[in-house]
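Topology and contacts: notes
So the chains spell out like this:
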Amino acid sequence: MNTVEFPLLNLKLELSEVAIKIFGLGIKWYAIIIVFCIIMALIWCKFRSEKYNIDFDEILSLFIILIPTVIICARLYYVLCNLNYYLSNPIQIINIRGGGLAIYGGIIGGIIACYIFCKKKNINILNLLDCIAPILALSQGIGRWGNFINVEAYGTETNLPWKMGIIEDGVKKFVHPTFLYESLGTIIIFVILAVLQDKRKFEGQIAYMYLALYSLLRFFIEGIRADSLMAFNIRISQILSLIIFVLSIGIIVQNIIREKQTFKRRIMLKKITRKTG
């Protein structure tokens, strides 16, 4: 059992990572949350895929490939960022139940899998990513509550009113509830992207907006995470967030400029047509 406190709410919780046991095997809440998010994503795509001229059966086929790919890549990213430990304990590489999945690894692996799938199926990759991006953000927002139950992905010590009390190595400490920051942040991103879907100006706009908004959010949260993946005293995910943010904003601005130029050309052509007509 994990003990978590929120003094501001005068709340103290005893949390078990295991939801149920089946034939002696513990099924963790985190696993249940992940399955719920996958089902939710499929339902979302069922109702939104037509908007992007994508056959839902193709999305079902994609998910069969996407789910294991995302898990493997999320694990691989985490392992590579903790290579010294896993070289000394190679059997732990496959011990996913012990934790250790990095969201950026999953995102990168997922995009690569989508690209290869779309190339083979002749599907517009940008339309597919625009369809998936909002529900990905919402899934992240819900998924972070798995971190809360496991008492992980929390922040550095703080005395802010909304601090979270935990027991670490037998010592009580108050930390930033970074799981909550990211959960609320990604749910807000979901709302923004869901609204933008009906106002999309160019292909890929929703996906690029997701990358820009999430990387910006993650950049600041990563700065106060207590369990950041490090390389030479540098927070890897923070640097990656900065790179993704700059690239995404650059692509968005480029497309906006292109759309404005196209719009001006259309206006000029209409004026010329009227004069010559």
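Check the entry above for the structure.
Attention in this report is confined to the structure presented alongside it. (Residues numbered from 1 in each chain as written. Predicted model: local features only at pLDDT ≥ 70, side-chain atom pairs only at ≥ 80, totals over all residues. Heavy atoms only, no water.)

1. Some details on the sheet that holds strand β5 (residues 164-168)
- Ordered in space as β2-β1-β5-β6, the four strands form an open sheet in which the pairing is antiparallel. With partners counted over all chains shown, the strands left at the sheet margins are β2 (11-15) and β6 (171-175), one partner each. Pairwise comparison of adjacent strand axes, ignoring direction, gives a mean angle of 25° for this sheet.
- Both strand β1 (residues 2-6) and β5 contribute to a ladder of two bridges, which runs antiparallel. Residue pairing across strands places V4 opposite I166, the latter belonging to β5.
- Contacting β1, β2 and β5, helix α5 (residues 125-150) runs over the sheet at an angle of about 110° to β1. (Pairing = 2+ DSSP bridges. Helix = DSSP H or I, 4+ residues; strand = E, 2+ residues; numbered from the N terminus. Axes fitted to C-alpha atoms, helices over the stretch in contact; angles between N-to-C directions. Contact = heavy atoms within 4.5 Å.)

2. Focus on the side chain of N150
- If you trace the backbone, N150 turns up in helix α5.
- We classify N150 as buried; its relative accessible area is 13%. (Buried < 20%, exposed > 50% of the residue type's maximum accessible area, 1.4 Å probe, protein only.)

3. Concerning the packing of α5 against helix α6 (residues 178-196)
- Between α5 and α6, the least distance of the axes is 8 Å, while the angle of their chain directions is 165°. Put simply, α5 runs roughly antiparallel to α6. Crossing angle aside, the handedness with which α5 passes α6 is left-handed. Together, A133, P134, I135, A137, L138, Q140, G141, R144, W145, N147 and F148 of α5 and F179, L180, E182, S183, T186, I187, I189, F190, L193 and A194 of α6 make up the contact between the two elements.
- Among the residues forming the contact of α5 with α6, the class breakdown is 14 nonpolar, five polar and two charged. (Parallel < 35°, antiparallel > 145°, perpendicular 65-115°, else oblique. Left-handed = near helix turned anticlockwise from the far one by under 90°. Nonpolar A, V, L, I, M, F, W, Y, C, P; charged D, E, K, R; others polar.)

4. Some words on unusual backbone geometry
- One non-glycine residue, N122, lies in the positive phi region at around 55°.
- Positionally, N122 belongs in the loop between α4 (103-121) and α5.
- With a phi angle near 55°, D169 is a residue other than glycine that sits in the positive phi range.
- Of note, D169 is situated in the loop between β5 and β6.
- Classification of D169 by relative accessible area gives exposed; the value is 77%.

5. As for the nonpolar core
- With 55 residues, the main nonpolar core has C45, L128, F148, M164 and Y210 as its most contacted residues.
- Tallying contributions element by element places α5 first for this core, with 10 residues.
- When near neighbours in sequence (up to four residues on either side) are disregarded, F148 contacts V4, F6, L13, L15, M164 and F179. (Core = buried A, V, L, I, M, F, W, Y, C linked by side-chain atoms within 4.5 Å.)

6. Brief notes about the pattern of salt bridges
- Applying the stated criterion across every chain yields a total of 10 salt bridges.
- As a salt-bridge pair, E5 and K172 come within 2.9 Å of each other at their nearest N and O atoms. With E5 in strand β1 and K172 in strand β6, this pair connects stretches of sequence that are 167 residues apart.
- Accessibility expressed as a relative area gives 44% for K172, which makes it partly exposed.
- Residue E58 is joined to K121 by a salt bridge in which the shortest nitrogen-to-oxygen separation is 4.0 Å. (Salt bridge = Lys/Arg side-chain N within 4 Å of Asp/Glu carboxyl O.)

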